[in-house]
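Observations on the model geometry
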Amino acid sequence: RQLCLLLNAENIFHSMADILLREEDLKFASTMVHTLNTILLTSTELFQLRNQLKDLKTLESQNLFCCLYRSWCHNPVTTVSLCFLTQNYRHAYDLIQKLYPLIVVQSPSKDQEWPCCHLPVLSSRAWDITKAFRLGCYDIPNGETFLDCPPSGDLEVTVDFLTEVDKLVQLIECPIFTYLRLQLLDVKNNPYLIKALYGLLMLLPQSSAFQLLSHRLQCVPNPELLQTE
């Protein structure tokens with residue numbers, strides 16, 4: 001936070017994401033990504049950077065999102081929160097569906113990077129494949145598709161995982177995501193936002209976070225009542 005006051009915040013996050021992309025210690029990388037994501041979403045010093053990422057109107061903001069996304073994939077919940085911040089609600093919904101095992105990974109050609117929309121949230125069984133791509137080791141034939149296990153809940157849902165989902169729900173109720181909550185009024189144009197929030201709800205056990213998100217979703221209006229004659 002202090003560095004972002006003295007230096008360019010975008011350059012700092014870009015550099016940190018590049019470093020973490022090549023980190024071998026995946027647990028450390030996941031912890032660092034979670035910390036950076038919390039700073040990004042809660043620090044007043046990063047208000048301008050959040051606004052830049054929220055709309056993705058410029059090429060610079062799009063490149064920053066892609067850079068952050070690659071590193072944020074070290075932590076599935078922070079990846080979802082980044083998609084919420086950038087209003088990529090359909091992708092957030094797709095990621096929530098894959099918070100268990102990875103289903104399909106398709107390798108790019110050597111002169112291509114991972115497109116944002118195809119970067120997976122990873123199960124432990126898929127780390128070796130995708131880490132090779134991130135490090136530039138293209139030993140896997142280009143264009144080949146790799147199938148993992150079907151969606152049967154192989155990824156262990158730990159207390160730490162549920163705690164992160166809980167914190168994400170708390171963040172959704174903060175002023176940072178006021179625009180997201182207001183978009184719930186536009187049911188017709190934001191169906192995947194509602195689906196993504198229901199997906200988070202289904203991941204949570206019966207808890208205070210579950211009740212909080214459930215009450216929020218109960219406020220979503222019936223689209224039929226919003227229709228004008």
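Report on the accompanying structure. Keep in mind it's a predicted model, so treat the numbers as computed, not measured.

What counts and how
Once a new chain begins, its residue numbering starts again from 1 and follows that chain's sequence as written. pLDDT decides what is reported in this predicted model: residues at 70 or higher carry local features, side-chain atom pairs at 80 or more are listed and counted, and totals for whole chains, interfaces and linings draw on all residues regardless. Side-chain metrics rest on all non-hydrogen atoms present in the structure, leaving aside hydrogens and water. Numbered from the N terminus, helices here are DSSP runs of H or I no shorter than four residues, and strands are runs of E no shorter than two. Relative accessibility thresholds used throughout: buried, under 20% of the residue-type maximum; exposed, over 50%; partly exposed, between the two (1.4 Å probe, protein chains only). Areas reported as accessible are Shrake-Rupley estimates using a 1.4 Å probe. Residue values count occlusion only from the protein chains shown. The term salt bridge refers to a pairing of a side-chain nitrogen on Lys or Arg with a carboxyl oxygen on Asp or Glu at a separation within 4 Å. Angular values range over 0 to 180 degrees, each being the angle between N-to-C directions of two axes fitted as lines to C-alpha atoms, with helices fitted over their stretch in contact. Rotating anticlockwise by less than a right angle from the far helix to the near helix defines a left-handed crossing, while the corresponding clockwise rotation defines a right-handed one. Whether two residues are in contact is decided by their heavy atoms: any pair within 4.5 Å suffices. Amino acid classes used here: Ala, Val, Leu, Ile, Met, Phe, Trp, Tyr, Cys and Pro are nonpolar; Asp, Glu, Lys and Arg are charged; the rest, including Gly, are polar. Under the rule applied, a polar contact is a pair of N or O atoms within 3.5 Å (in protein, one hydrogen donor and one hydrogen acceptor; residues adjacent in sequence only if both atoms are side-chain atoms). The span you would expect from a helix comes to 1.5 Å times its residue count less one. Read the arc as the range of directions from the helix axis to the C-beta atoms. Here is the rule: rings of Phe, Tyr and Trp (six-membered ring for Trp) pair when centre to centre is within 6.5 Å. Planes less than 30 degrees apart are stacked, more than 60 are edge-to-face, and the remainder are tilted. Counting as a charge over the ring demands two things of the Lys NZ or Arg CZ atom: a distance within 6 Å of the ring centre and an angle within 35 degrees of the ring normal.

**With respect to the overall build of the protein**
Counting secondary structure elements, the protein contains 13 helices and two strands. Out of the 229 residues in the protein, the part that is buried amounts to 44%. As presented, the protein carries roughly 12,400 Å² of accessible surface, and 55% of it is formed by carbon and sulfur atoms.

**Side note on the pattern of salt bridges**
In a structure, side chains of opposite charge can pair up when their charged atoms sit close to one another. For the coordinates displayed, the defined rule picks out one salt bridge. Among the salt bridges present, the one from glutamate 173 reaches arginine 216, with a minimum N-O distance of 2.6 Å. Of this pair, glutamate 173 sits in the loop between helix H9 (159-172) and helix H10 (178-183) while arginine 216 sits in helix H12 (residues 208-218), placing them 43 residues apart in sequence. The class of arginine 216 is partly exposed, set by a relative accessible area of 25%.

**Re the packing of helix H2 (residues 9-21) against helix H5 (residues 59-72)**
Where H2 contacts H5, the axes come no closer than 8 Å and their chain directions differ by 35 degrees. As H2 runs across H5, the sense of the crossing is left-handed. Counted together, Glu10, Phe13, His14, Ala17, Asp18, Leu20 and Leu21 of H2 and Glu60, Leu64, Cys67, Leu68, Arg70, Ser71 and Trp72 of H5 form the full contact between these two elements. For the contact of H2 with H5, the per-class residue count stands at eight nonpolar, two polar and four charged.

**A short note on the side chain of serine 81**
Mapped onto the elements of the fold, serine 81 is located in helix H6 (residues 76-85). Exposure remark for serine 81: the relative accessible area of 1% places this residue in the buried category. A polar side-chain atom of serine 81 sits 3.0 Å from a polar atom in the side chain of asparagine 37. Sequence-distant contacts of serine 81, defined by excluding residues within four places in its chain, comprise Asn37, Leu41, Leu168 and Phe177.

**Thoughts on the side chain of asparagine 37**
Within the element layout of this structure, asparagine 37 appears in helix H3 (residues 26-42). Filtering out sequence-adjacent residues up to four positions away, asparagine 37 remains in contact with Trp72, Thr78 and Ser81.

**Considerations on helix H11 (residues 191-203)**
Residues that lie three or four places apart on an α-helix share one face, since the helix turns once every 3.6 residues. Over its 13 residues, H11 runs 19 Å from end to end, which matches the ideal 18 Å to within 8%, given 1.5 Å per residue. Listing the buried residues of H11 in full gives Leu193, Ile194, Ala196, Leu197, Gly199, Leu200, Leu201 and Leu203. Elements in contact with the buried residues of H11: H6, helix H7 (89-97), H9, H10 and H12.

**Here we look at H9**
Taking 1.5 Å as the rise per residue, H9 with 14 residues should run 20 Å; its terminal C-alpha atoms sit 20 Å apart, in good agreement. Along H9, the positions that sit buried rather than exposed are Phe161, Glu164, Val165, Leu168, Val169, Leu171 and Ile172. Considered in projection along H9, the buried side chains sweep an arc of 160 degrees and stay on one side of the axis. Within H9, the exposed residues directed more than 90 degrees away from the buried face are Val159 and Asp160. Elements in contact with the buried residues of H9: H3, H6, H10, H11 and H12.

**Quick word on unusual backbone geometry**
Leaving glycine aside, a negative phi is the common case for residues, and trans is the common case for peptide bonds. With a phi angle near 55 degrees, leucine 56 is a residue other than glycine that sits in the positive phi range. Mapped onto the secondary structure, leucine 56 falls in the loop between helix H4 (47-55) and H5. On the accessibility criterion, leucine 56 (15% relative accessible area) is buried. Residues other than glycine seldom take positive phi values, yet glutamine 87 does so here, at roughly 65 degrees. The residue glutamine 87 is located in the loop between H6 and H7 in this model.

**Focus: the packing of aromatic side chains**
Evaluated as defined, the whole model comprises four aromatic pairs. Relative to tyrosine 192, the ring of tyrosine 93 has its centre 5.6 Å away and its plane inclined at 55 degrees; by these criteria the two rings are tilted. Within this pair, whereas tyrosine 93 is found in helix H7, its partner tyrosine 192 is found in helix H11, the two being separated by 99 residues in sequence. A relative accessible area of 25% places tyrosine 192 in the partly exposed class. Seen from the ring of tyrosine 93, lysine 195 lies directly overhead, with NZ or CZ sitting 5.6 Å from the centre.

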